[in-house]
Amino acid sequence: KTYPEVNFLNYKDRKKILVTGGAGFVGSHLVDKLMLQGHEITVMDNFFTGRKRNVEHWIGHENFELLNHDVVEPLYIEVDEIYHLASPASPPHYMFNPIKTIKTNTIGTINMLGLAKRVKAKILFASTSEVYGDPEKHPQDEGYWGHVNPIGPRACYDEAKRVAETMCYAYQKQENVDVRVARIFNTYGPRMHMNDGRVVSNFILQALQGIPMTVYGSGEQTRSFQYVTDLVDGLVALMASNYTKPTNIGNPDEHRIIEFATIIKNLLGGSSEIVNKPPVEDDPQKRKPDITTAKKHIHWQPKVPLMVGINKTIEYFRSELRRSKHSERN
Ligand code: NAD
Ligand code: UDP
Ligand code: UDP
């Protein structure tokens with residue numbers, strides 16, 4: 001087996017890094033970056049929405065370890081840094097078992113904070129723009145407290161992420177744990193799940209297959225999409241910085257969902273019609289990050305234009321579709 005060539009780091013620069021949820025979409029791209037930099041990576045994942053295939057190119061590498069473990073259970077290992085990403089992220093996935101989503105983000109985060117405290121590791125928590133709920137402020141800056149329905153269908157995710165942020169700052173204040181909180185906005189790219197029900201994957205799959213593209217509600221609601229490598233660069237920059245308050249990581253390039261459907265349809269030149277489906281309950285109507293904090297404190301901003309990122313994502317979905325057709329035949 002041959003591996004991508006990793007940078008050589010001497011002992012004092014090489015870090016032991018735990019990535020929870022590292023077999024998922026974002027986590028696996030983060031693992032690629034950290035491995036190439038020459039660090040020692042432990043991926044911990046229960047494979048609920050992640051899969052081995054996302055990290056299989058590293059399996060067997062001397063700097064890489066894969067643990068099949070649920071973050072709701074305690075974990076005793078020695079590490080220098082923790083990127084805590086374990087949690088389902090797409091609405092259909094996190095609504096599939098709301099209690100498990102709550103446990104993963106609350107008990108799971110307590111466990112990772114307890115680990116960080118014991119081994120004096122730095123810990124970055126993957127929070128979300130969902131902490132702003134259906135925002136009454138636009139664009140959203142980190143000072144905005146949000147507008148979340150605590151008992152709605154999205155609450156298992158939104159409120160669990162909110163209390164997880166609270167836990168991070170309680171451990172910082174009471175136990176001196178070195179915390180980072182990234183509020184991640186909608187992210188897309190290769191290794192997204194084909195069937196995770198998110199808008200980017202749905203629209204690309206529908207357009208590729210020439211079936212109707214489903215716009216929920218009027219399509220006037222907006223989202224701002226960032227490409228996954230931009231996010232990964234932002235997470236690594238935030239971890240490396242001295243800035244410890246919540247930091248939005250997202251691309252302010254905002255689009256109406258209906259317009260986004262048209263962009264993808266035109267790119268693929270397909271025959272899909274765009275159809276309206278009933279609106280989703282508690283669907284945030286507008287979302288766009290204010291990234292002043294990230295620019296100022298971690299010197300980061302997104303670089304990949306939507307067209308470039310979407311084309312790469314389309315390529316990935318094309319090859320995944322070929323792959324699944326091939327395995328159906330065999
Ligand atoms: P994903 O579903 O692809 O990855 C999540 C990973 O966590 C999967 O590999 C899954 O198997 C693992 N996992 C879930 N529950 C676990 C548990 N109890 N124990 C161990 N592992 C568990 O999602 P993603 O898009 O890569 O998201 C990663 C993180 O980023 C999540 O915390 C998510 O909330 C956050 N986030 C993502 C987005 C986005 O647009 N992708 C936006 C905001 C926040
Ligand atoms: N924990 C863990 N790994 C460690 C240390 C702690 O998983 O290396 C978990 C353990 O389940 C613990 C939780 O983190 O309950 C919180 O740890 P903390 O030290 O804050 O609390 P306590 O041990 O007193 O419950
Ligand atoms: N959406 C849509 N059609 C789909 C999937 C999603 O119109 O097939 C809409 C959804 O209602 C929301 C936006 O696209 O307004 C983004 O949804 P997604 O589930 O991707 O992420 P969210 O930002 O809501 O977590």
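Residues numbered from 1 in each chain as written. Chains lettered and ligands numbered in written order. Predicted model: local features only at pLDDT ≥ 70, side-chain atom pairs only at ≥ 80, totals over all residues. Heavy atoms only, no water.

> Please explain the site of ligand 3 as it appears in this structure.
Around ligand 3 lies a shell of 18 residues, among which Asn202, Thr214, Arg223, Asp283 and Arg287 are the nearest. Contact distances for ligand 3 include 2.8 Å between an oxygen atom and a backbone N or O atom of Val199. Contact between ligand 3 and Gln221: an oxygen atom at 3.1 Å from a side-chain N or O atom of the residue. Calculation on ligand 3 without its partners gives an accessible area of 520 Å², and the protein chains cover 95% of this total. When grouped by side-chain class, the residues that make up the shell around ligand 3 number 7 nonpolar, 5 polar and 6 charged. (Near = heavy atom within 4 Å. Polar contact = N/O pair within 3.5 Å; in protein donor to acceptor, adjacent residues only side chain to side chain. Areas by Shrake-Rupley, 256 points an atom, 1.4 Å probe, with all protein chains shown as cover. Nonpolar A, V, L, I, M, F, W, Y, C, P; charged D, E, K, R; others polar.)

> What should I look at first to understand the side chain of Lys161 in this one?
Structurally, Lys161 can be placed in helix H4 (residues 155-175). One buried charged side chain, Lys161, makes no salt bridge at all; its nearest oppositely charged neighbour is Glu165, positioned 8.7 Å away. Looking at Lys161, its side chain comes within polar contact range of the main-chain oxygen of Ala126, at 2.7 Å. Beyond its immediate stretch of four places on either side in the chain, Lys161 contacts Ser87, Asn105, Phe125, Ala126, Ser127, Thr128 and Val131. (Helix = DSSP H or I, 4+ residues; strand = E, 2+ residues; numbered from the N terminus. Buried < 20%, exposed > 50% of the residue type's maximum accessible area, 1.4 Å probe, protein only. Lys, Arg positive; Asp, Glu negative; His and termini not counted. Salt bridge = Lys/Arg side-chain N within 4 Å of Asp/Glu carboxyl O. Contact = heavy atoms within 4.5 Å.)

> How do you make sense of helix H6 (residues 228-240) when you look at a structure like this?
Note that an α-helix has 3.6 residues per turn; residues three or four places apart therefore point the same way. Taking 1.5 Å per residue as the helical rise, H6 with its 13 residues ought to reach 18 Å, and the 19 Å between its terminal C-alpha atoms agrees with that figure. Three or more residues of H6 are buried, namely Val228, Asp230, Leu231, Val232, Gly234, Leu235, Val236, Leu238 and Met239. (Expected span 1.5 Å × (residues − 1).)

> Help me out: how do you make sense of the confidence of the model for the protein in this one?
The predicted structure's coordinates, where accompanied by low pLDDT, should not be read in detail. Here the protein averages 96 in pLDDT, while 100% of its residues score no lower than 70. For this predicted complex, the interface confidence score (ipTM) comes to 0.98, while the overall pTM stands at 0.98. (pLDDT = per-residue confidence, 0-100.)

> What is the right way to look at the pattern of salt bridges in this model?
This model, assessed by the stated rule, comprises 22 salt bridges. In this structure, Arg162 and Glu159 form a salt bridge, with 3.4 Å as the shortest nitrogen-oxygen distance. In this pair, Arg162 and Glu159 are both assigned in helix H4, 3 residues apart and thus about one turn of the helix distant. Judged by its relative accessible area of 26%, Glu159 falls in the partly exposed class. The salt bridge partner of Arg318 is Glu315, with a shortest N-O separation of 3.0 Å. Taken as a pair, Arg318 and Glu315 lie in helix H9 (residues 306-329) at a separation of 3 residues, close to a single helical turn. The exposure class of Arg318 is partly exposed, given its relative accessible area of 32%. Exposure remark for Glu315: the relative accessible area of 42% places this residue in the partly exposed category. Among the charged side chains, a salt-bridge network with shared partners connects Glu130, Arg154, Arg223, Asp283 and Arg287.

> Please clarify how the packing of aromatic side chains should be interpreted in this entry.
Pairs of aromatic rings are described using the distance from one ring centre to the other and the angle between the two planes. Considering all chains together, one arrives at 8 aromatic pairs under this definition. A ring pair is formed by Tyr132 and Tyr144, whose centres lie 6.0 Å apart and whose planes are at 25 degrees; its orientation type is stacked. Of this pair, Tyr132 sits in the loop between strand E5 (122-128) and H4 while Tyr144 sits in the loop between E5 and H4, placing them 12 residues apart in sequence. Accessibility expressed as a relative area gives 1% for Tyr132, which makes it buried. Taken together, a centroid distance of 6.2 Å and an interplanar angle of 40 degrees make the contact between Tyr132 and Phe185 tilted. Taken together, the residues Tyr132 in the loop between E5 and H4 and Phe185 in the loop between strand E6 (179-184) and strand E7 (187-188) connect sequence positions 53 residues apart. Comparing Tyr132 with Phe185 shows no difference in burial state: the two are buried. Clustering of aromatic rings is evident, with ring pairs tying together Tyr132, Tyr144 and Phe185. (Phe/Tyr/Trp six-rings, centres within 6.5 Å; stacked < 30°, edge-to-face > 60°.)

> In this structure, what is going on with the packing of helix H5 (residues 199-209) against helix H7 (residues 257-268)? I would like to understand it.
Packed helices, taken two at a time, are described by the angle their axes make and the gap between the axes. Taken N-terminus to C-terminus, the directions of H5 and H7 make an angle of 40 degrees; their axes are 10 Å apart at the nearest point. In terms of crossing hand, the pair formed by H5 and H7 is right-handed. Residues Val199, Val200, Phe203, Ile204, Ala207 and Leu208 of H5 pack against Ile257, Phe260, Ala261, Ile264 and Leu268 of H7. Tallied by class, residues from the contact of H5 with H7 come to 11 nonpolar, no polar and no charged. (Axes fitted to C-alpha atoms, helices over the stretch in contact; angles between N-to-C directions. Left-handed = near helix turned anticlockwise from the far one by under 90°.)

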